[in-house]
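Structural overview for review
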Amino acid sequence: MTPPDSWRVLKVEDWAEIRRLHRAEGVPIKEISRRLGVARNTVRAALNSDRPPKYERAPRGSVADAYEPQIWFLLNEWPRMPAPVVAERINWPHSLSLLKKKLAQIRPEYVGVDPVDRVTYEPGEITQCDLWFPEPKVPVAPGQERVLPVLVMTLGFSRFMTAVMIPSRQGGDILSGMWELISGIGRVTKTLVWDREAAIGGTGRVTASAAAFAGTLATRIKLAPPRDPEYKGLVERNNQYLETSFLPGRTFASPADFNRQLAEWLDRANARTVRSVQGRPVDLLETDYLSMIPLPPVDPPMGLNQRVRLGRDYYVRVDTVDYSVNPQAIGRFVDVTASPREVTVFCDGQVVARHQRSWAKQIVVTDPVHAATAQWMRQALARERQKRQAATRHHTDGHAVALRALPDYDALFGVDFDPASTRASNE
């Protein structure tokens, strides 16, 4: 066996013992070789090395090496071509995982690497916001369950986390959830960071409703660059934390039960020590709070709002659910306002309907008072029709007597009882 080969198979314990015997006890190389049963060249190699031996297997080639020229050609023109498409183009006959490993080595040469810096947040500077969609379905009505969004907000400096389940990802519901979490803290940071959520800034610009919300609070909404989840990594990690630490082992009877359990869990989560800030978010929140912006005396614009003319079917629709309205407002314009908890309908400043918000899909919510009013109106209309019908004269054979207008008789006899026309003719 050659010295390099013998050196590669030498154990760390033998390497240490060789060095101890020779340097500490002065045992000659020949005697060490005899005692340990290794070659003299192995003993010499161990004495000449200041580092312990490490077994290293010679690198083996990959079946993808033969396809590298074709892969380079494709990536040169389409750097982001997915692995299944590459496999189809080069007639890849092996497992796709082997090709993905080769693409992971080659693709950065064409796409480039976008490094992410560590960011230090100042107190009161920033809040990261995101929607999290927990997998378990929550009962929202008898026989109906839904996967509902959860709004998660994380303060940059203190890492304080707040969250609440909301009925939909429409802009009004998202803004209502933001106001609930912000008002729960009592102040707002100078910047609210969002990704390209459709209701907040799906076009790359902040929507008018979101801008009005931020303007009322004297803060601003900043949109993250497209396809850059690391830009709001704090809240993304908290989403994963919720997924792995809050959900397992839990069942939920309703959205209200989900929010109750979530609030209890958040109290414990914010009391844990976060390694990145070397402290507990609940303790650091006070420093964050003192640098935040005080809330205005009025609530910001939020919720779902619409103005419609109430039809004969005296219902208005909010997020696929139909709510009854006082039928006395039929034919008039009504203003519909919906928060996550309540739906209110106004007509000329008067409340004509108030319902608890249903988080279900495609159901009908009817107030018994509205149904009774509609029945009374139908009965009153029927009585009025009967009254008019009874006042109509009939011939002996039963059919109604036709009534002609008096001007028809004037025209028949050629008379004119209009003083103005008579005076004009005399003149």
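Scoring rules and cut-offs
Residues numbered from 1 in each chain as written. Predicted model: local features only at pLDDT ≥ 70, side-chain atom pairs only at ≥ 80, totals over all residues. Heavy atoms only, no water. Helix = DSSP H or I, 4+ residues; strand = E, 2+ residues; numbered from the N terminus. Polar contact = N/O pair within 3.5 Å; in protein donor to acceptor, adjacent residues only side chain to side chain. Contact = heavy atoms within 4.5 Å. pLDDT = per-residue confidence, 0-100. Core = buried A, V, L, I, M, F, W, Y, C linked by side-chain atoms within 4.5 Å. Buried < 20%, exposed > 50% of the residue type's maximum accessible area, 1.4 Å probe, protein only. 1 Å grid on protein atoms, 1.4 Å probe; cavity = no way out; pocket = protein on both sides within 12 Å on 5 of 7 lines; lining within 4 Å. Points joined across faces, edges and corners; volume = space filled by probe spheres on them. Nonpolar A, V, L, I, M, F, W, Y, C, P; charged D, E, K, R; others polar. Axes fitted to C-alpha atoms, helices over the stretch in contact; angles between N-to-C directions. Parallel < 35°, antiparallel > 145°, perpendicular 65-115°, else oblique. Left-handed = near helix turned anticlockwise from the far one by under 90°.

Let's talk about the side chain of Asp-173
Its place among the elements puts Asp-173 in helix α9 (residues 171-185). One polar contact links Asp-173 to Arg-357, side chain to side chain, over a distance of 3.1 Å. Setting aside its immediate chain neighbours within four residues, Asp-173 contacts Ile-166, Pro-167, Ser-168, Leu-304 and Arg-357.

Topic: the confidence of the model for the chain
Of all residues in the chain, 89% attain a pLDDT of 70 or more, and the chain-wide mean is 88. Across residues 1-8, confidence stays below pLDDT 50; counting only partners more than four residues off in sequence or on other chains, it has 11 contacts.

Quick notes on the nonpolar core
In this structure, Met-178 and Trp-194 are the most contacted members of the largest nonpolar core, which totals 24 residues. Every element with two or more residues in this core is listed here: β1 (126-132), β4 (150-155), α9, β7 (191-194), α10 (198-201), α11 (208-217) and β8 (220-223). For this core, the element with the highest residue contribution is α9, accounting for 6 residues. Residues Leu-242, Phe-246, Phe-252 and Trp-359 belong to the second largest nonpolar core, which totals 21 residues.

Some words on the layout of surface pockets
Volume-wise, the second largest pocket comes out at about 380 Å³. What lines the second largest pocket is a set of 17 residues, among which Pro-255, Pro-340, Gln-356, Arg-357 and Trp-359 lie closest to the centre. For the lining of the second largest pocket, the secondary structure elements donating two or more residues are β5 (161-165), α9 and α13 (255-269). Here the residues of the lining of the second largest pocket are counted per class, giving 9 nonpolar, 5 polar and 3 charged.

A few points about the packing of helix α5 (residues 68-77) against helix α7 (residues 96-106)
When two helices pack together, you describe them by how their axes are tilted relative to each other and by the distance separating the axes. As a packed pair, α5 and α7 sit with axes 11 Å apart at the nearest point and diverge in direction by 55 degrees. Classified by the interaxial angle, the pair formed by α5 and α7 is oblique. Crossing handedness for the pair α5 and α7: right-handed. Of α7, the residues touching α5 (which contributes Glu-68, Ile-71, Trp-72 and Leu-75) are Leu-99, Lys-102, Leu-103 and Ile-106. For the contact of α5 with α7, the residue count by class is 6 nonpolar, no polar and 2 charged.

Observations regarding empty space enclosed by the protein
Enumeration according to the criterion identifies 1 cavity of 30 Å³ or more in this entry. Forming the boundary of the largest cavity are Thr-127, Met-153, Leu-155, Ile-182, Ile-185, Arg-187, Val-188, Thr-189, Leu-192 and Met-292. Breaking the lining of the largest cavity down by element, the ones donating at least two residues are β4, α9 and β6 (187-188). Taken together, the residues that form the lining of the largest cavity break down as 7 nonpolar, 2 polar and 1 charged.

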